[in-house]
Amino acid sequence: SWLNASNMTGSNGLYGDGFHISGWKSADDPGTRKCDVLNTMVYTYNQGVILSGLRGLWLATGSQQYLSDGHRLVNDVLLATGWPNKGSQQWEGLGRGGVLEDACDSSGSCSQNGQTFKGIFFHHLAEFCRDIRPQELRFLASANRTGDGEDGWQYVYEWHQARCRTYRPWIEHNANAALLTK
């Protein structure tokens, strides 16, 4: 609830780089002392780290809303790469032609940190969509996390996995794009 109400996303549904203190210059001149200015710069990794958290919250609570929020974010990322228009060179916010990029990629000006951001996104997407582990399965089954009967969590999990499978063409497109840069 806090994250959804934090106004950390722009109209495209993507997370900005975080809040900063208005007027901050130094410890001696701390400005308002309130984190009230959103840095609207969008990075690929910022989108990814949210996905792992949302999966964890689903496991802890059984609330399908966390997975729904995650899938909405993944869809926003895909749209921000221009997907499914693979031929477009128009910058869409996180890439073009369906390829995930940060703003520094096309100019070759990414720092070593920036060069890893796409990997961080895909790591967290893989975590969000991975198969359920045996201990998680036991936890969900014993806790009856959704309150929808014995197999309510199972229905949600199968729905989630089906949604995750739809990302495969985009992931393959990005893997091929990465291979072409060798």
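Above: the structure in question.
What counts and what doesn't
Residues numbered from 1 in each chain as written. Predicted model: local features only at pLDDT ≥ 70, side-chain atom pairs only at ≥ 80, totals over all residues. Heavy atoms only, no water. Phe/Tyr/Trp six-rings, centres within 6.5 Å; stacked < 30°, edge-to-face > 60°. Helix = DSSP H or I, 4+ residues; strand = E, 2+ residues; numbered from the N terminus. Buried < 20%, exposed > 50% of the residue type's maximum accessible area, 1.4 Å probe, protein only. Disulfide = S-S within 2.5 Å. Expected span 1.5 Å × (residues − 1). Axes fitted to C-alpha atoms, helices over the stretch in contact; angles between N-to-C directions. Parallel < 35°, antiparallel > 145°, perpendicular 65-115°, else oblique. Left-handed = near helix turned anticlockwise from the far one by under 90°. Contact = heavy atoms within 4.5 Å. Nonpolar A, V, L, I, M, F, W, Y, C, P; charged D, E, K, R; others polar.

Trainee: Would you explain the packing of aromatic side chains in this entry?
Mentor: Each aromatic ring pair is characterised by the separation of its centres together with the angle its planes make. The tally for this structure, following the rule as stated, stands at 7 aromatic pairs. Ring centres of Y43 and F117 lie 5.6 Å apart, and the angle between their planes is 80 degrees; on these two criteria the pair is classed as edge-to-face. A residue pair is termed long-range when its members are at least 10 positions apart, and Y43 in the loop between β2 (35-42) and α2 (44-61) and F117 in helix α4 (residues 112-129) qualify at 74 residues. Relative accessible area serves as the criterion here: at 23%, Y43 is assigned to the partly exposed category. On the basis of an interplanar angle of 90 degrees and a centroid distance of 6.1 Å, the ring pair of F121 and W170 is categorised as edge-to-face.

Trainee: Could you clarify how one ought to interpret the state of the cysteines in this entry?
Mentor: Where two cysteines share a covalent bond between their sulfur atoms, that bond is called a disulfide. The tally for this structure, following the rule as stated, stands at 2 disulfides. Paired through a disulfide, C104 and C110 show a sulfur-sulfur distance of 1.9 Å. Between C104 and C110, the disulfide has an S-S torsion of 90 degrees and is therefore right-handed. Grouping residues by exposure puts C104 and C110 together as buried. Linked covalently through their sulfurs, C129 and C164 form a disulfide whose S-S length is 2.1 Å. Because the torsion about its S-S bond is -80 degrees, the bridge between C129 and C164 counts as left-handed. Taken together, the residues span a long stretch of sequence, with C129 in helix α4 and C164 in helix α6 (residues 152-165) at a distance of 35 residues. The residues C129 and C164 share a single accessibility class, namely buried.

Trainee: What's the story with helix α3 (residues 64-80) in this structure? I'm lost.
Mentor: Because the α-helix completes a turn every 3.6 residues, residues three or four places apart line up on one side. The end-to-end C-alpha distance of α3 is 24 Å, a good match for the 24 Å that 17 residues give at a rise of 1.5 Å each. When we look at burial in α3, the residues that qualify are L67, D69, G70, H71, L73, V74, D76, V77, L78 and A80. At the C-terminal side of α3, G82 shows a positive phi close to 90 degrees.

Trainee: Before we go on, may I ask you to explain the packing of α2 against α3 in this structure?
Mentor: Any two packed helices are characterised by the angle at which their axes cross and by the distance between the axes. Relative to each other, α2 and α3 sit at 160 degrees, their axes nearing to 7 Å. The angle between α2 and α3 places the two elements in the roughly antiparallel class. Classified by chirality, the crossing of α3 by α2 is left-handed. Judged by residue contacts, Q47, I50, L51, L54, R55, L57, W58 and T61 of α2 engage Q64, Y66, L67, D69, G70, L73, V74 and V77 from α3. A class-by-class count of the residues in the contact of α2 with α3 yields 10 nonpolar, 4 polar and 2 charged.

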